[in-house]
Amino acid sequence: MASQTYESTLNAWLAELLRAEGLAAKPEVGQGGGKRLDVEVVVDDIKVALEAEQGTTPTKKASAIGDADGRIADDLAYCAVAICYPAGLMTAGELAVCTLLYTVRTPSDSPEPKKTTWQQGDIPHLVSVIRKIPDQLGDPDHIANELSTWLNLAVARLREGQKRDLAAALDLPSGKATKLEFGTALSSSYNQAAKRAMLVIATAVMFHARLDAYRHDLKPKLDNRQIPPQPFAADWPPPRASECAASDDPIGKFERAWDLWLAVDYKPIFATARNALLSCAQNVAWTAAVRLTARAAIRVVRNVVGLRHDLLGRIFHRVLDTARYDGSFYTTTAAATLLATLAIRDDMCDWSDPEAIARLRITDPACGTGTLLMAAAERIRDLTSGAQGKENISRILIENVLTGYDVNLTATHLAATTLGLLSPTTTFKEMKMYRALLGVENGEAKLGSLEFLSPEPDRQPRLLPWPTGIEQIEDSEAVTEAEAADLVIMNPPFTRDSLRHDQFSREDEKKLKSREKELFASLPTHLSGNSGSFLLLATHLLSATGGVLACILPAVIATNSSGLGIRRFLADKFFVEAIISSHDPTRIYFSENTTIGEMLLICRQRPREAIPTKVVNLYENPPTPSAALAVAREIIEGKPENIKGSIQAWPHTRIAVGNWGGVQFLSAYLCERFVALAEGDLFRTLTLESIAHVGPAGRRTQDAFEQTVLPDAGGRVALWNHRSDRTQTMCAAIDSYIVPVERKAHLAERYWSQRSRFLLANRLRLNTMRCTSVRLPTKVLGARWVPCRFKVDEPHNTKFEKAACTYLNSTIGILAMIGDRTTKILSYPQFSLDDLRRIPVPDFPAMSESQISILATAYDTLCEMTLLPLPQMQQCATRKALDRAVISALGIEAEVVAQIRRELAREPSITGKPYMQTRLD
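Residues numbered from 1 in each chain as written. Predicted model: local features only at pLDDT ≥ 70, side-chain atom pairs only at ≥ 80, totals over all residues. Heavy atoms only, no water.

Engineer: When you look at unusual backbone geometry in this model, what are you seeing that I'm missing?
Structural biologist: Peptide bonds are mostly trans, and most non-glycine residues show a negative phi. For the bond running from Ile-227 to Pro-228, omega is -5 degrees, close enough to zero to count as cis. By the element assignment, Pro-228 lies in the loop between strand 7 (222-223) and strand 8 (230-231). Residues Glu-794 and Pro-795 are joined by a peptide bond in cis, for which omega reads 5 degrees. Examined against the element boundaries, Pro-795 turns out to sit in the loop between strand 28 (785-790) and helix 27 (796-809). (Helix = DSSP H or I, 4+ residues; strand = E, 2+ residues; numbered from the N terminus.)

Written as structure tokens, this is what we have:
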């Protein structure tokens, strides 16, 4: 068989296998002009070219990429997938079970094959990747910013009364006075509320535009605007969205069109938007604002292939101004895909049985714009493959499986729109998307979906109906117990106590926080951040016979002392299956509008035997849904060499007691070495607090003292700052005079009595820092430094100070200091007193005089020698000299220290660079 003929046969087999998985695929499709596509696939109206070669040599890979890029360049396809078949395939059956090499190509990709990342996968995996292609096209950030600007311009046309009416119509908080993104001042406190209301109108226009393709097929038999529904007798179809936007009366045209669509269904989308549309007095300004908004929305639909849920989420969070108060964070589609794929396993259900699927219950108690629910739905649709009709599965998911709660009307409106995108032809009568009241009503505080935790039947969440008219929100719907869930998937709000509920009046804020204390008084949560409370809610919502908890959480919950109760609680309730963290310096988070480190957590019903937890630390956070699918597959199969990260088997004994420290380092070796250090396996250790007093904290010193130019009568001095350009040796010098703050003299005197010559850094920028601890000729306080006073008298105190300074600035000491850090950002630890007090240090009191002398002498010899920044520790002669002293005094193997030093020097949190870049350097 000729090579060309054989590849044509392979292409025909591939198309047949893709069709069996539910894709619209055709082989060897001619495009005119003598050009053809090896396989043509249409996904959400996007034409995707699959260009294949047989064999996996560099030449074959280059040929496949060249063909794929050529199809895009010739406008024969919107994007393409280059595929390499294994050599020697002889039957369709062999192709069905083989592993393919593939890479997705888009118009922005480099034409150089050497810059391409190839992935591996079987046919079902390739199907999942192809289905995710629409989520990777276009630039959602650019489009979201552009639409946000148009919404600003629309709001700028409105009068103050109109903005107020919009806020009232959708029950939106007025917010605080703000500015437009491009810098123009906004005087009204109603601007953000009005902008969110315009976003509701914009998304309804987008959905309207999507329905236009189906409008002739959706004529209703019953008119659902009437109760009970009556036979439909009005004219059909509704005008197109573009016709309404171009009309002289866009408000009236959209109102009549949306009224007709409400006869079919879509109440969460069109009833809310229609309410906003009719809320303002009709005048030239309001008409112009609506027309501007509608045209911008239609431009988005035309420029984006499909109305993607990630775009809606990003738009929403560009508009939302209360994220810092209510803790709402937008989950990236890649993270949502990774989380849902890990949580929903192949054996969770009989995916060929629609009735079994309909019995599943998946809940997000803080659903926001619906990204995680959408990811769960897409995961299920992938698992059902070609066994069911896509429309049927979508209907089952919307009407039976998926439930979402949120406190924000605009968010729930967008979540309903998001789910509706699964199948625009599916009706929404049974959609389980609810807004739960967060606020104070009739003197009673309500905490949204958290009220499900209340043991009092009359204190359940107050679920608000969709606004249906210009009048205010109607009476609450009947509230029943939440359905038991098989999966709770969520990115819960995370806001520190000082900011939470700050959007409310002081009186209402006090009532809400009082309600929190009442609700969680006997539960293992910590109210410095409210993620823990939602974890408790998740366990309450899960089925009593067991279920799955999948969530995105701040990474500090894995290590923070205040999270210990939650960690133990989860380990007691569940098998902690996987913890995934990002050590990618460019993206340490899985949400868009945050800068703190985050982790993914998967918990399941506990098995009979104690199984280790997979702790996965990624050095490249997958940027796209298809990349996330590949990572998920490798995590499930346990292949660290392919996930761009490390996988550790963290023993159940550690997880159970709350030791989740496997997230601290990308290097599994460093994680294990720190455990050995803390447990005394390298040498005899104890915690610093057992032999020394640590404190006062730097923030306490800053409260009680202020810097001054000249010394006061008491001659008080301090090492106030931690500047790596000045503090480069272990022997430091004072940098400030300080005086007590007025009215805090008593407090200042108490802190001054705790000063010391030996200080510990309480915050470190790891890519620039040189010293973790220093010693001064005189006793001082610090702001970025914390005094440490050993519980021994002279001369032992001086020897211990010097020995400890040598130890903590050595490689082992750096591991000891940062191996149990609890910061929000791995590269910028900010140590609490608890963190400093639990640092593992040598048992100095039990050491011999000669051992102490080795360390103290090393300090005397090296204290004025410059230490290089941590990323250069491999080239730092002073650091290596300190290491030799520690090796000699503590009896550690030299190669162990050398390996720790090599691994630390490559850690992304220390270098500030992506891991692969460090390796290449």
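So, next bit.
Engineer: Quick question: what am I supposed to make of the pattern of salt bridges here?
Structural biologist: If charged atoms from side chains of opposite charge come close, those side chains can pair. Here the structure, examined in full by the defined rule, presents 42 salt bridges. A salt bridge links Asp-382 to Arg-131; the nearest nitrogen and oxygen atoms lie 3.3 Å apart. In this pair, Asp-382 is assigned in helix 16 (residues 371-384) and Arg-131 in helix 4 (residues 123-132), connecting sequence segments 251 residues apart. On the basis of relative accessibility, which here comes to 12%, the residue Asp-382 falls in the buried class. Overall, the relative accessible area of 21% leaves Arg-131 in the partly exposed class. Note that Glu-160 is salt-bridged to Lys-163, the shortest N-O span being 3.3 Å. You can see Glu-160 and its partner Lys-163 sitting in helix 6 (residues 160-169), three residues apart, about one turn around the helix. Residue Glu-160 is classed as partly exposed on the basis of its relative accessible area of 36%. Among the ionic contacts, a cluster of salt bridges with common partners joins Asp-223, Arg-225, Glu-255, Asp-259 and Arg-274. (Salt bridge = Lys/Arg side-chain N within 4 Å of Asp/Glu carboxyl O. Buried < 20%, exposed > 50% of the residue type's maximum accessible area, 1.4 Å probe, protein only.)

Engineer: Can you help me understand the packing of helix 30 (residues 849-862) against helix 31 (residues 877-890) in this one?
Structural biologist: Relative orientation and spacing of two packed helices are given, respectively, by the angle between their axes and the distance between those axes. For the pair helix 30 and helix 31, interaxial distance at closest approach is 8 Å and the crossing angle is 170 degrees. Our classification of the angle between helix 30 and helix 31 gives roughly antiparallel. Two packed elements cross with a definite hand, and for helix 30 against helix 31 that hand is right-handed. Facing helix 30, whose interface residues are Gln-851, Ile-854, Leu-855, Ala-858 and Leu-862, helix 31 presents Thr-878, Ala-881, Leu-882, Ala-885, Val-886, Ser-888 and Ala-889. (Axes fitted to C-alpha atoms, helices over the stretch in contact; angles between N-to-C directions. Parallel < 35°, antiparallel > 145°, perpendicular 65-115°, else oblique. Left-handed = near helix turned anticlockwise from the far one by under 90°. Contact = heavy atoms within 4.5 Å.)

Engineer: Can you help me understand the nonpolar core in this one?
Structural biologist: A general trend in soluble globular proteins is that nonpolar side chains are found buried together. One finds Leu-549, Ile-818 and Phe-844 to be the most contacted residues of the largest nonpolar core, which totals 120 residues. Broken down by element, this core gets its largest block of residues, seven residues, from helix 31. With sequence-adjacent residues up to four places away left out, Phe-844 is seen in contact with Ile-691, Phe-790, Phe-800, Ala-803, Ala-804, Ile-852 and Leu-855. By size, the runner-up hydrophobic cluster in this structure holds 107 residues, among which are Trp-258, Leu-260, Ala-263 and Leu-383. (Core = buried A, V, L, I, M, F, W, Y, C linked by side-chain atoms within 4.5 Å.)

Engineer: Looking at this structure, I do not really get the packing of aromatic side chains. What am I missing?
Structural biologist: Tallied over the full model, the rule gives 16 aromatic pairs. Taken together, a centroid distance of 6.2 Å and an interplanar angle of 65 degrees make the contact between Phe-207 and Phe-270 edge-to-face. You can see Phe-207 sitting in helix 7 (residues 191-211) and its partner Phe-270 sitting in helix 10 (residues 267-277), a full 63 residues away along the chain. As far as burial versus exposure is concerned, Phe-207 and Phe-270 are alike and both buried. (Phe/Tyr/Trp six-rings, centres within 6.5 Å; stacked < 30°, edge-to-face > 60°.)

Engineer: In this structure, what is going on with the state of the cysteines? I would like to understand it.
Structural biologist: By definition, a disulfide links the sulfur atoms of two cysteines through a covalent bond. Under the criterion given, the structure shown has zero disulfides. The closest cysteine sulfur to the non-disulfide-bonded Cys-771 is located on Cys-805, 7.5 Å from its own sulfur. Classification of Cys-771 by relative accessible area gives buried; the value is 0%. (Disulfide = S-S within 2.5 Å.)

Engineer: I would appreciate a short explanation of the sheet that holds strand 20 (residues 645-650) in the present structure.
Structural biologist: Note on sheets: strands pair through backbone hydrogen bonds, and any given pair is parallel or antiparallel. What the 10 strands build is an open sheet, ordered 14-11-10-9-15-16-18-17-19-20; its pairing is mixed. In this open sheet, the two strands that pair with only one neighbour each are strand 14 (463-464) and strand 20. Across three bridges, strand 9 (residues 362-364) lies against strand 10 (residues 402-406) in parallel orientation. Each residue of the ladder has a partner; that of Asp-364, found in strand 10, is Gly-404. (Pairing = 2+ DSSP bridges.)

Engineer: Please explain the packing of helix 14 (residues 333-343) against helix 16 as it appears in this structure.
Structural biologist: For the pair helix 14 and helix 16, interaxial distance at closest approach is 8 Å and the crossing angle is 50 degrees. When the axis of helix 14 is compared with that of helix 16, the two are oblique. Note on packing geometry: the crossing formed by helix 14 with helix 16 is right-handed. Touching Ala-336, Thr-337, Leu-339, Ala-340 and Thr-341 of helix 14 are Thr-371, Leu-372, Ala-375, Ala-376 and Arg-379, all from helix 16. Grouping the amino acids of the contact of helix 14 with helix 16 by side-chain chemistry returns six nonpolar, three polar and one charged. (Nonpolar A, V, L, I, M, F, W, Y, C, P; charged D, E, K, R; others polar.)

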